[in-house]
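The chain contents come next:
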Amino acid sequence: MGVPSDDVVLIRRGKEGEPTEVTVNCPDKAGLGCDVCRIVFDFGLYIVKGDLSTDGIWCYIVLWVIPRPATLIVRWSNLRDRLLSVCPPCSMLHRYYQTSAPSATSSVYLLKFFCLDRKGLLHDVTQVLSELELTIQRVKVTTTPDGRVLDLFFITDNLELLDTKKRQEETYAQLRAVLGESCISCEIMSVGPEFDCHQSITSMSQEIAEELFTSELSDREAHTHALSPELSKLKKASVTMDNTLSPSHTLLQIHCVDQKGILYDLMRPLKDCNIQVAYGRVMQSTKGFRDIDLFIHQKDGKKIMDPEKQAALCSRLKVEMLHPLRVAVANSGPDTMLFVANPVELSGRGRPRVFYDVTHVLKSLSICIFSLRSAGIGHQIANGRCIDSSWMKTVNMSSQIWCLEIRL
């Protein structure tokens, strides 16, 4: 039994100005909601509202989404294919997946190009790679004294086609359309097993490392208003639990700022801690705030009754809401070092579109990037710990680091 494969993922385009409805209807597995939210986020889509439910065997998710910005080109057929890739086959109707189905490691490729430098170049290239569904794993950027730049992008292909001539020519064509006559050379080559994404950043001081990786909420949070009055809204986030409304589930109620990728940021730690969502509702944003209700239980099917366990999970979720990214700044002679850290799932996947967003902000502020290094996923280990469903073990919280040398 089940549904036809064509109906596992349905995308119903909305009229102009209205959201598109994305429906996923398939057998359940651990972390499916997180995987779906991650893919939607990776395509640059904003979740207007959503519902999800599961009986532990079958899962039904419906999200109403819009592109952000509105001018964003969305390849809806590719979105459907990506969503299908994380859905278990309809023939597999057993009780529950204990873990997400393992996926094969994607091949890593080196995109190397040499061109004349200009403001916003790095973001323009990153935007092309994003539109092509090429994921950046690591970057090294070097600017020469004569105004040229050598960029090395270690990338993976979400479509798994970069080994074909057609896919490579498509990539070359779109890059040259952006680089124009400033492009001196551009090539793509396969990277062998010697590639190591776990590179360290030796220039990071102990003080910067502590600022990036301190997982607990600190007194420094009280000074966020010195940066911008808008940031004080982040402090109003609340996470509460209630065990009186359901005989078999704990109600997790979240009130938070409606920030980018918020649903993925909440579902990620739940997945990593083996907390299962039986039913959830994501309400529309009201005055810049979002309300999310999730009925959850532990891996063994029991409610979360222990106050200490409740406090630990609430604290972890609040940290994720307040710090979806960690940013630190340090002086380096005439230039400034900008460090950006983003969390990584236990599966090894980093938060989508971080590098895209960072380069977009720097371009909009007319800030030049002179060099860039990145530490691969899983190398830098934060001090924070997340309690898993056994409430006995601890899980290291890994991060991906971007180190940019900029000139203000």
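Refer to the structure presented above.
Because the structure is a prediction, the values reported are computed rather than measured.

Asks: So what's going on with the packing of helix H1 (residues 32-42) against helix H6 (residues 262-272)? Which residues, and what values?
Replies: H6 packs onto H1 with a crossing angle of 150° between their chain directions and a minimal axis gap of 9 Å. Our classification of the angle between H1 and H6 gives roughly antiparallel. The handedness of the crossing between H1 and H6 comes out as left-handed. Residues Gly33, Cys34, Asp35, Cys37, Arg38 and Phe41 of H1 touch H6, and the partners they reach there are Leu263, Tyr264, Met267, Arg268 and Lys271. By residue class, the composition of the contact of H1 with H6 is six nonpolar, one polar and four charged.

Asks: Which residues make up the packing of aromatic side chains, and what values do they have?
Replies: The description of two aromatic rings rests on the distance between their centres and on the angle between their planes. By the definition in use, this model includes five aromatic pairs. Taking the centre distance of 6.2 Å and the plane angle of 45° together, the rings of Tyr279 and Phe295 count as tilted. In this pair, Tyr279 sits in strand S11 (residues 276-282) while Phe295 sits in strand S12 (residues 289-297), placing the two residues 16 residues apart along the sequence. By relative accessible area, Phe295 is classed as partly exposed at 21%. Feature note: the residues Phe113, Phe153, Phe355 and Trp402 constitute an aromatic cluster, connected by ring pairs. The positively charged end of Arg353 is found above the aromatic ring belonging to Tyr356, 4.5 Å away from the centroid.

Asks: How would you summarise the packing of H6 against helix H7 (residues 307-322) if you had to cite specific residues and measurements?
Replies: Viewed as axis vectors pointing N to C, H6 and H7 meet at an angle of 145°, and their least axial separation amounts to 9 Å. Read as a crossing pair, H6 and H7 show a hand that is right-handed. Mapping the contact onto sequence places Ile262, Asp265, Leu266, Arg268, Pro269 and Leu270 in H6 and Leu313, Arg316, Leu317, Glu320 and Met321 in H7. Across the contact of H6 with H7, the residue classes break down as seven nonpolar, no polar and four charged.

Asks: Lay out the pairing of strand S3 (residues 45-54) with the relevant residues and their values.
Replies: In terms of residue burial, S3 counts as a mostly covered element, since eight of its ten residues are buried. Pairing of S3 with strand S4 (residues 58-67), which is carried by nine bridges, proceeds in the antiparallel orientation. Bridge pairing links Gly50 to Leu63 in S4. Between the antiparallel neighbours S3 and S4 lie three residues, among them Gly56 with a positive phi of about 90°. Note that S3 and S11 share four bridges and pair antiparallel. Paired with Asp51 across the strands is Arg281, a residue of S11.

Asks: Give me the environment of Ile61: which residues, what numbers.
Replies: Inspection of the secondary structure assignment puts Ile61 in strand S4. Sequence separation between Ile61 and Asp51 is ten residues, and the spatial gap between their C-alpha atoms is 5.9 Å. When residues no more than four places from it in sequence are discounted, the contact partners of Ile61 are Val22, Thr23, Val24, Gly33, Val36, Asp51 and Leu52.

Asks: Account for the nonpolar core, with residues named and values stated.
Replies: Within the largest apolar cluster, 53 residues are counted, with the highest numbers of intra-cluster contacts made by Met267 and Ile296. In terms of residues, this core owes the most to one element, H1, which gives seven residues. Counting residues domain by domain, this core receives three or more from each of domain 1 (9-86) and domain 3 (226-321). Contacts of Ile296, omitting those with residues within four sequence positions, involve Met241, His249, Thr250, Leu252, Ile275, Gln276, Val277, Ile304 and Leu313.

Asks: Run through the pattern of salt bridges, naming residues and quoting values.
Replies: Under the defined criterion, the tally for this structure stands at 24 salt bridges. Here Asp124 ties to Arg118 by a salt bridge, and the two come within 2.9 Å at their closest N and O atoms. Taken together, the salt bridges that share partners define one network made up of Lys29, Asp35, Arg38, Lys271, Glu345 and Arg349.

Asks: Tell me about the side chain of Asp335, and please be specific about residues and values.
Replies: Following the sequence through the fold, Asp335 ends up in strand S14 (residues 335-344). Assessed through its relative accessible area of 7%, Asp335 is described here as buried. Apart from residues no more than four positions distant in its own chain, Asp335 is found in contact with Glu405, Ile406 and Arg407.

Here is what the cut-offs are and how they apply
- Residues numbered from 1 in each chain as written.
- Predicted model: local features only at pLDDT ≥ 70, side-chain atom pairs only at ≥ 80, totals over all residues.
- Heavy atoms only, no water.
- Axes fitted to C-alpha atoms, helices over the stretch in contact; angles between N-to-C directions.
- Helix = DSSP H or I, 4+ residues; strand = E, 2+ residues; numbered from the N terminus.
- Parallel < 35°, antiparallel > 145°, perpendicular 65-115°, else oblique.
- Left-handed = near helix turned anticlockwise from the far one by under 90°.
- Contact = heavy atoms within 4.5 Å.
- Nonpolar A, V, L, I, M, F, W, Y, C, P; charged D, E, K, R; others polar.
- Phe/Tyr/Trp six-rings, centres within 6.5 Å; stacked < 30°, edge-to-face > 60°.
- Buried < 20%, exposed > 50% of the residue type's maximum accessible area, 1.4 Å probe, protein only.
- Lys NZ or Arg CZ within 6 Å of the ring centre and 35° of its normal.
- Pairing = 2+ DSSP bridges.
- Core = buried A, V, L, I, M, F, W, Y, C linked by side-chain atoms within 4.5 Å.
- Domains from an automatic or database assignment.
- Salt bridge = Lys/Arg side-chain N within 4 Å of Asp/Glu carboxyl O.

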